[in-house]
Every structure is written in structure tokens, then in C-alpha cells.
Amino acid sequence: MNTILCFGDSNTYGLNPRGGRFHRNVRWPGIVRELLGQEYEIIEEGLPGRTTVWEDPVENVMSGKAYLPPCLRSHAPLELVVLMLGTNDLKARYAVSAADIALSVLSLVQLVRSTLPGDGERTSPQVLVLVPPPIREAGLSASIFAGGEAKSRRLGEAFNKLRPYTDASILDLAAVITTSEIDGLHFDAEEHRKLGETVAREIKAMLE
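The present account deals with the structure reproduced in this document.

Cut-offs applied
- Residues numbered from 1 in each chain as written.
- Predicted model: local features only at pLDDT ≥ 70, side-chain atom pairs only at ≥ 80, totals over all residues.
- Heavy atoms only, no water.
- Buried < 20%, exposed > 50% of the residue type's maximum accessible area, 1.4 Å probe, protein only.
- Helix = DSSP H or I, 4+ residues; strand = E, 2+ residues; numbered from the N terminus.
- Pairing = 2+ DSSP bridges.
- Salt bridge = Lys/Arg side-chain N within 4 Å of Asp/Glu carboxyl O.
- Axes fitted to C-alpha atoms, helices over the stretch in contact; angles between N-to-C directions.
- Parallel < 35°, antiparallel > 145°, perpendicular 65-115°, else oblique.
- Left-handed = near helix turned anticlockwise from the far one by under 90°.
- Contact = heavy atoms within 4.5 Å.
- Nonpolar A, V, L, I, M, F, W, Y, C, P; charged D, E, K, R; others polar.

**Concerning the pairing of strand β1 (residues 2-8)**
Then, in step 1: In terms of burial, β1 is a largely internal element, six of the seven residues being buried.
Then, in step 2: In terms of strand pairing, β1 meets strand β2 (residues 40-46) through seven bridges, oriented parallel. For Ile 4, the partnering residue across the bridge sits in β2 and is Ile 42.
Then, in step 3: Across five bridges, the pairing between β1 and strand β3 (residues 80-84) is parallel. Within the sheet, the bridge partner assigned to Cys 6 lies in β3 and is Val 82.

**Here's the deal with the pattern of salt bridges**
Then, in step 1: Using the criterion set out here, one finds 13 salt bridges in the structure.
Then, in step 2: A salt bridge links Asp 167 to Arg 113; the shortest N-O distance between them is 3.0 Å. Taken together, the residues Asp 167 in the loop between α6 (155-162) and β5 (169-172) and Arg 113 in helix α4 (residues 98-114) connect sequence positions 54 residues apart.
Then, in step 3: Taking the relative accessible area as the measure of exposure, Asp 167 reaches 52% and is therefore exposed.

**Points about the packing of helix α2 (residues 28-36) against helix α7 (residues 189-207)**
Then, in step 1: Orientation of α2 relative to α7, taken along the N-to-C sense of each, is 50°, at an axis distance of 8 Å. As the angle between them shows, α2 and α7 are arranged oblique. As for the relative orientation of α2 and α7, their crossing is right-handed in sense. In this structure, α2 uses Trp 28, Ile 31, Val 32, Glu 34, Leu 35 and Leu 36 to contact α7, whose residues at the interface are His 192, Arg 193, Leu 195, Gly 196, Glu 197, Val 199, Ala 200, Ile 203 and Lys 204.
Then, in step 2: Its residues assigned to classes, the contact of α2 with α7 comprises nine nonpolar, two polar and four charged.

**As for the packing of α4 against α6**
Then, in step 1: Closest axis-to-axis distance for the α4/α6 pair is 8 Å, and the angle between their directions is 50°. Between α4 and α6, the angle falls in the class oblique. By crossing handedness, the relation of α4 to α6 is classed as right-handed. Taken together, the residues of α6 that come into contact with α4 (itself represented by Ala 98, Ala 99, Ile 101, Ala 102, Leu 103, Val 105 and Leu 106) are Leu 155, Ala 158, Phe 159 and Leu 162.
Then, in step 2: Residue composition of the contact of α4 with α6, by class: eleven nonpolar, no polar and no charged.

**Side note on the sheet that holds β1**
Then, in step 1: With parallel pairing, five strands are arranged side by side in an open sheet as β2-β1-β3-β4-β5. Strand pairing shows two members of the sheet lacking a second neighbour, β2 and β5, which therefore form its edges. Going across the sheet, the axis of each strand differs from the next one's by a mean of 15°, ignoring polarity.
Then, in step 2: Most of the contacts of α6 go to strand β4 (residues 126-131), to which it runs at about 150°, and overall it touches β4 and β5.
Then, in step 3: Strands β1, β2, β3, β4 and β5 of the sheet are contacted by α7, whose axis makes an angle of about 155° with β4.

As C-alpha cells, then:
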């Protein structure tokens, strides 16, 4: 059994841009589960509002860095961790650059690679980083993410510059999926399907 942890924000949680949450078989981790079959256990750890390393002064308890180590230990042993974070870092309240976001995600990669489960295991899981696609400043969240759209379009370049400094696999989703025109942040069902298919291929290539 290959155990995969999908660690992310509302787009891993499966928030529907039209309201509510997509069914587990529609969310991209569910698509991955469907395609990879019974030899893989897919663990969904998506939290709406989750950031890379920043505590949210409005919503509180949103730092991925704070929650990741106990999460890794509670689900150990893991073969691979899929990280998709950075979208919420684009909120104006954080005032961080695309380069800061990329560095923050790679600090989480280092955390994954250095956190041993404590159950006798002495190897850390591989890491697949998903670079979020560009957002749109649309709908009710436009003011919260003011300036975020332009920064989001620089994320791919920022991550690309850091490839030589990490052993993680990095996949830029800008060429794979787009955010919904409704709220500019979340993925429609069709995009979840495309993302799940892409991630399933990446996982198989990394583990087989």
C-alpha cells in the first residue's frame, strides 16, 4: 500500500465556487484515488484559508507550517506528500511577494523531508509541489485578494528559479487548469478532473 498525503487549502478540500463542497468522488484527490486503485491510500488534508507559513490575523490557526509536522506523524508511514499551497498567501493582508510564497512552500518541503514519524521509520516521503494556477480578482473576495492576480501570474517563474535548490518535484498548474470565473479562486468540477488525472500520472511516475 502506497500512502499519499494531499496537503492543501480549499482547493484540496474541494470548495465549490457555486457554494458548498464537492462530493469526495469529484474532488481532485478523489479522482486520484479512483485512477490509482486499491494499491494507493489517498489522504485528504485540505483546509479552507490555509496558508504556507503565515498565521491569519482574521481567521486564526491557518498556518500550514504549524499543522504539518503532527499531520505527517499521525498518517505515517507515507510514501509521498502532495503540497498545494500559496493561493491564500496572495491575500493583501499578508503583503508577500511571489518569491516569498515560493520560498515558503519550499520551507514546507524541507519540513516534510526532515520530520521523521517516530515509529522506527528512518526515511522521509517524496514530495510533489503543485504550483497553484493564477487567480482572478473577481466576486466577493476581489478586495481581499487585491493585487493578488498579478502576483499569482509570477508564481511559476518564482518556483522555477528555486528548482535547483530542492529535491521535490514541481508541477506548475498554470498549463493544466484554470480557476472559476465565478469567484476567481476555486476549481470547477471539470478542472478537478483534469487536475486529478495529471496528479495521478505524476504520482505513478514518482513511485513506480
